[in-house]
Amino acid sequence: MQNPFMAAGGAVLFALGVAVGAGVFQDAKKEGGQDGANTMKPLDEHKWLASQVGTWKATMSMMTGPDQWERGVGTETVRMDCGGLWQISDFEMPKLGGMGAFKGHGVMGYDPDRKKFVGHWFDAWGYSPTAMEGTTDKD
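Note that the structure is predicted; figures quoted are calculated from it, not measured. (Residues numbered from 1 in each chain as written. Predicted model: local features only at pLDDT ≥ 70, side-chain atom pairs only at ≥ 80, totals over all residues. Heavy atoms only, no water.)

S.K.: Help me understand the sheet that holds strand E2 (residues 68–81), please; the structure alone is not making it clear to me.
M.R.: Within a sheet, neighbouring strands are paired by backbone hydrogen bonds and run either parallel or antiparallel to one another. Spatial strand order, E1-E2-E3-E4-E5-E6: six strands in an open sheet with antiparallel pairing. Here the strands that pair on one side only, and so sit at the sheet edges, are strand E1 (54–65) and strand E6 (130–134). Averaged over neighbouring strand pairs, the angle between their axes works out to 25 degrees when direction is ignored. (Pairing = 2+ DSSP bridges. Helix = DSSP H or I, 4+ residues; strand = E, 2+ residues; numbered from the N terminus. Axes fitted to C-alpha atoms, helices over the stretch in contact; angles between N-to-C directions.)

S.K.: Would you mind showing me how to read the packing of aromatic side chains here?
M.R.: Think of a pair of aromatic rings as described by two things: how far the centres are apart, and how the planes are tilted against each other in angle. Throughout the structure, instances matching the rule amount to four aromatic pairs. Taking 5.8 Å as the distance between ring centres and 65 degrees as the angle between the ring planes, the aromatic pair formed by Phe91 and Phe102 counts as edge-to-face. Remark: Phe102 occurs in strand E4 (residues 102–111) and Phe91 occurs in strand E3 (residues 86–93); sequence separation between them is eleven residues. Each member of the pair, Phe91 as well as Phe102, carries the same accessibility label: buried. Centre to centre, the rings of Tyr110 and Phe117 are 5.0 Å apart; their planes meet at 65 degrees, and the pair counts as edge-to-face. We note that Tyr110, like Phe117, is buried. Each residue in the set Trp48, Tyr110 and Phe117 is aromatic and connected to the rest through ring pairs, giving one cluster. (Phe/Tyr/Trp six-rings, centres within 6.5 Å; stacked < 30°, edge-to-face > 60°. Buried < 20%, exposed > 50% of the residue type's maximum accessible area, 1.4 Å probe, protein only.)

S.K.: What's the story with the side chain of Gln87 in this structure? I'm lost.
M.R.: With respect to the helices and strands, the residue Gln87 is situated in strand E3. Here the side chain of Gln87 touches Gln52 through a polar contact of 3.2 Å, side chain to side chain. Ignoring anything within four residues of it in the chain, the contact list for Gln87 reads Leu49, Gln52, Val78, Arg79, Met80, Gly106, Val107 and Met108. (Polar contact = N/O pair within 3.5 Å; in protein donor to acceptor, adjacent residues only side chain to side chain. Contact = heavy atoms within 4.5 Å.)

S.K.: Honestly, the pattern of salt bridges in this entry has me stumped. Any pointers?
M.R.: It is possible for side chains bearing opposite charge to pair when their charged atoms get close. Under the counting rule described, the total for this entry stands at four salt bridges. The residue Glu133 makes a salt bridge to Lys116 at a minimum N-O spacing of 2.9 Å. One end of the pair, Glu133, is in strand E6; the other, Lys116, is in strand E5 (residues 116–123), with 17 residues separating them in the sequence. Note on Glu133: relative accessible area 45%, which makes it partly exposed. (Salt bridge = Lys/Arg side-chain N within 4 Å of Asp/Glu carboxyl O.)

S.K.: Explain the pairing of E5 to me, please; I cannot follow it from the model alone.
M.R.: Where a strand is regular, its side chains alternate between the two sheet faces. Taken together, the eight bridges between E4 and E5 define a ladder with antiparallel strand orientation. Of the residues in E5, the one forming a bridge with His105 is Phe122. Two successive antiparallel strands, E4 and E5, enclose a turn made up of four residues, where Lys115 displays a positive phi of approximately 55 degrees. In this structure, E5 lies alongside E6, joined through five bridges in antiparallel fashion. Looking at E6, one finds that Phe117 is bridged to Gly134. Counted along the chain from E5 to the antiparallel partner E6, the turn is six residues long.

Structure representation (C-alpha cells):
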C-alpha cells in the first residue's frame, strides 16, 4: 500500500523542481546568447574545441596480445552543435586487425564551474559509455 504522505511529498518535490527549473530557464533566457537566442555564449574553451572541426585521418593502435599490436586507419568527422557549446565526433574504422570494424561517437564540451573539459564516448565495442574529463595547457 502506498503511503499518502510519501505521494504528497513526491508531488510537492516535483512541483518545486519544475518551478525551480523554470526559474533557471528564465534566468538563462534573460542572459541571451548568440543572436539573442536562448543559449549560453561559447567561451574561449568552446572556441578552441571548434578549431578542431573538420574531417581527420586517424591512425589507431591496439594491443591484441602479449607484445602484439594491431594498427588501423580510420576517419573522424568533428562538428560543433548546440550553439557552439558541444563538439560532436563521429569515428569510423573499416577494420582493426582481426577485430573487424570500429565505430564510435563522442560528445565533448567545457564546464566552466569545474574548469574542465567534459565528455562521453560511445562505441560498438562496449555497453557502457566512457566518461572523460580533463584540462589542457596553452601548448
